[in-house]
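# Structural features, examined
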Amino acid sequence: MKDLLEKIHAEIETFKVEADSLTEKGIKAAGARARKSTLEIEKLLKEFRKVSIEESKK
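The model shown is predicted, which means the values in this text are computed figures rather than measured ones.

Parameters and conventions
- Residues numbered from 1 in each chain as written.
- Predicted model: local features only at pLDDT ≥ 70, side-chain atom pairs only at ≥ 80, totals over all residues.
- Heavy atoms only, no water.
- Salt bridge = Lys/Arg side-chain N within 4 Å of Asp/Glu carboxyl O.
- Helix = DSSP H or I, 4+ residues; strand = E, 2+ residues; numbered from the N terminus.
- Buried < 20%, exposed > 50% of the residue type's maximum accessible area, 1.4 Å probe, protein only.
- Axes fitted to C-alpha atoms, helices over the stretch in contact; angles between N-to-C directions.
- Parallel < 35°, antiparallel > 145°, perpendicular 65-115°, else oblique.
- Left-handed = near helix turned anticlockwise from the far one by under 90°.
- Nonpolar A, V, L, I, M, F, W, Y, C, P; charged D, E, K, R; others polar.

## Description of the pattern of salt bridges
The final tally for this structure, using the stated rule, is 4 salt bridges. Two residues, lysine 7 and aspartate 3, come together in a salt bridge whose shortest N-O distance is 3.7 Å. A residue pair is termed a helical-turn pair when its members lie 3 or 4 positions apart in one helix, as lysine 7 and aspartate 3 do in helix 1 (residues 2–25) at 4 residues. Taking the shortest distance from any N to any O, the salt bridge between glutamate 42 and lysine 46 comes out at 3.7 Å. Of this pair, glutamate 42 and lysine 46 are both found in helix 2 (residues 28–56), 4 residues apart, which corresponds to roughly one turn of the helix. Residue lysine 46 is classed as exposed on the basis of its relative accessible area, which comes to 57%.

## Quick notes on the packing of helix 1 against helix 2
Where helix 1 meets helix 2, the closest approach of the two axes is 8 Å, and the angle between their N-to-C directions is 160°. Considering the angle they form, helix 1 stands roughly antiparallel to helix 2. Viewed along their axes, helix 1 and helix 2 form a crossing whose handedness is left-handed. Looking at side-chain class alone, the contact of helix 1 with helix 2 contains 14 nonpolar, 5 polar and 7 charged residues.

Given below as structure tokens:
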């Protein structure tokens, strides 16, 4: 679970950097990277939900 949380935090940080590059610097390629990051965050959060439900059943 701890490893999963670290991955989530790292991916959120990646999203922040790319989204800032898009909005503040106008780097259009950063928009694509930010969108890709949101897909990865979604996947990780679904995994977190699954793992946390299993943990709460113990």
